[in-house]
Amino acid sequence: MAFEKNILCIGAGYVGGPTMAVIAAKCPQYKVVVVDVDKEKIRAWNSDNLPIYEPGLHELVKKTRNKNLFFSTENEKGIRESEIIFVSVNTPTKTFGQGAGKAADLQYWEKTAREILAYSNSSKIVVEKSTLPVRTASAMERILNENSKAIHFEVVSNPEFLAEGAAIQDLENPDRVLIGSRETPDGIAARKTIVEIYVHWVPRERIIESNVWSSELSKLTANAFLAQRISSINSISALCEKTEADIGEVAHAIGMDSRIGPKFLEASVGFGGSCFKKDILNLVYICESYGLEKVARYWEAVVEINEWQQSRFIQNMLTNMFNTVAGKKIALFGFAFKANTGDTRESPAIYVAQGLLAEQAEVVITDPEALKNARKDLKGFKKGLTFEPNPYNAVKGSHAIAVLTEWDVYRELDYKRIFKSMVQPAFIFDGRNILDRKKLFDIGFNVFSIGKAPLKHF
Ligand code: UDX
Ligand code: ADP
């Protein structure tokens, strides 16, 4: 059967994989190919053991795979045969040279652009899906269009706003889809072609068109604002702990102001994930490079508060466990950066585990989906570290539990049974405020939450 459109996606990660699975499911008349340089990852996408965990993803892939959704390592063939190429390769923070620790490392992006150019025999639309610094499209256009092949590339920005753990839901029912292009006739025609894909399932009024720079900057700004809300509420959580105000009550009260709204006001051990820190540092770097020092410092503070919140959590554990955790077994409940994902990138749990190991604690990590990644993240630590899928086994003989991911399973455990299997006095540090603290206190635990007065038996 001939397909109406041939779409390629370069990069089969957390963004590329789920996004293409949804496009393939919503548009059976399009052929969607996803390529990656990582052979192992592509093998996994073609198996029953997908490389990432997302609720609903497996079902979607099973429905579409090898019908109109294909996973492959053949970049060259994929590029040649497609009219539209989504690029969702990784853009980590640079670790070397100018801008190290802040700027985006664009080497994978540039390599991809050069590959597209080398293998193309016809004009194409190249869609930026990865989060990129403002004006990246311009650099890409230059690389792609300085060719002697008499072909033209139109670079369109279509940033992805999905949140992990809810990727399929967010893709199927997005708040908005943003498509930016140059405001030339060719640019506008290219963005209309991308609009045509999304209108298959997204109401037209939720598809926004803009110039390409606004689109690139909107993605960074959205993430910066979201992260800022978390740092704002976390900064107030510290004040609550000093004043006996309760962060849950404060968040509820301010969230009822319709101008503020109730979402993203959950105080926590800190935000993680591949985007927030990276995107803010990227924003900071861009501001610095335009001489906007004040703006740079303003946004940098969002990351600083987040780091402080994580170190405050460790300090709180130490202080309350009689200033030493050396030789004490501590169970970490959750390692993923949030619930419903196995992703651990920038997870506060990495920082907490490292801090406790440095204090010579015996750390036991449990998580329903993230143990494989946790092992990789902590591979430098051999002594005092174990991994245990079953939370009841993890807590046996431990002095403390630290809840680091808000998995539902941790709300529903039998804490009486857990208490009996622990060393006394038993401590719980709830870094996500998900447990019934009064009930735990009545069982006998000493309970420490974020932004609330502790419940102690001594
Ligand atoms: C984020 C953006 O939400 C998404 O739009 C963008 O495309 C990518 O970055 P993601 O990182 O997947 O998505 O997860 P998100 O739900 O935003 O959570 C990020 C971190 O903030 C997690 O560690 C989460 O636990 C934490 N968080 C979130 C809080 O600590 N408190 C909150 O109230 C909300
Ligand atoms: P994200 O969270 O943005 O989706 P990931 O790291 O999960 O980021 O995915 C990016 C993917 O892009 C990785 O699987 C990586 O192997 C892939 N990749 C990087 N460079 C290339 C390239 N030149 N060709 C194909 N795939 C690439």
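As a convention, each chain's residues are numbered from 1 in the sequence order in which they are written. Both sets of labels track the order of writing: A upward for chains, 1 upward for ligands. Reporting in this predicted model follows two pLDDT cut-offs: at least 70 for local features of residues, and 80 or more for side-chain atom pairs to be given and counted; totals over whole chains, interfaces and linings ignore these cut-offs and use all residues.

### Section: the nonpolar core
Buried together is how nonpolar side chains tend to be arranged in soluble globular proteins. Counting residues in each nonpolar core, the largest one holds 73 residues, and the members touching the most others are L332, V352 and A402. Not counting chain neighbours up to four residues away, the residues in contact with V352 comprise V269, Q310, F313, I314, L332, A402 and L404. To count as a nonpolar core, a set of buried Ala, Val, Leu, Ile, Met, Phe, Trp, Tyr and Cys residues must be joined through C-beta atoms within 7 Å. Counting other C-beta atoms within 10 Å of a residue's own tells you its class, since 20 or more makes it buried, 12 or fewer makes it exposed, and anything in between is partly exposed; those C-beta atoms are placed from the backbone. The next biggest cluster of nonpolar side chains, apart from the first, holds 54 residues, and it includes I85, V89, M140 and A190. Residue pairs qualify as contacts under a 7 Å threshold applied to their C-beta atoms, which are placed from the backbone.

### Regarding the site of ligand 2
Using a C-beta atom placed from the backbone, a residue is described as near a molecule or strand when that atom lies within 6 Å of it. Around ligand 2 sit 22 residues, and of these G11, G13, Y14, V15 and V89 come closest. Secondary structure elements follow DSSP: runs of H or I of four or more residues count as helices, runs of E of two or more count as strands, with numbering from the N terminus. Of the residues forming the shell around ligand 2, the biggest block, four residues, is contributed by helix α5 (residues 107-119).

### Here we look at the domain arrangement of the chain
Many authors give the size of an interface as the accessible area that is lost as the parts come together. Each domain's extent was defined by an automatic or database domain assignment. Looking at the chain, the domain boundaries give domain 1 (5-202) and domain 2 (212-458). Taken over C-alpha atoms, the centre of domain 1 sits 32 Å from the centre of domain 2. Contacts between the two partners involve 27 residues from domain 1 and, on the opposite side, 26 residues from domain 2. At the level of elements, α6 (136-145) and β7 (177-181) are the ones that each hand at least two residues to the side of domain 1 that touches domain 2. Broken down by element, the side of domain 1 that touches domain 2 gets its largest block of residues, four residues, from β7. Of the residues belonging to the side of domain 1 that touches domain 2, the class tally is 15 nonpolar, eight polar and four charged. Amino acids outside the nonpolar list (Ala, Val, Leu, Ile, Met, Phe, Trp, Tyr, Cys, Pro) and the charged list (Asp, Glu, Lys, Arg) are all regarded as polar, and Gly is one of them.

### Here's the deal with unusual backbone geometry
A negative phi angle is the norm for most residues apart from glycine, just as the trans form is the norm for most peptide bonds. Omega for the bond connecting Q424 with P425 falls within 30 degrees of zero, at -5°, which places this linkage in the cis form. Considering the arrangement of structural elements, one finds P425 in the loop between α16 (415-420) and β13 (427-430). Its identity as a non-glycine residue notwithstanding, Q360 has a phi of 65°, on the positive side.

### Thoughts on the sheet that holds β13
When DSSP finds at least two bridges between two strands, those strands are taken to pair. On the basis of which strands lie adjacent, the open sheet formed by six strands has the order β11-β10-β9-β12-β13-β14 and parallel pairing. Where the open sheet ends on each side, the last strands, each with one partner, are β11 (385-387) and β14 (446-449). Here the strands of the sheet are splayed against their neighbours by 20° on average, with no regard to which way each runs. Here strand β9 (residues 329-333) runs beside strand β12 (residues 400-403); their pairing, made up of four bridges, is parallel. What sits directly across from F333, in β12, is V403. Packing against the sheet, helix α12 (residues 293-320) makes contact with β12, β13 and β14, and its axis sits at approximately 165° to β13. In this analysis, axes come from line fits to C-alpha atoms, helices being fitted only over the stretch in contact, and the angle between any two N-to-C directions falls in the range 0 to 180 degrees.

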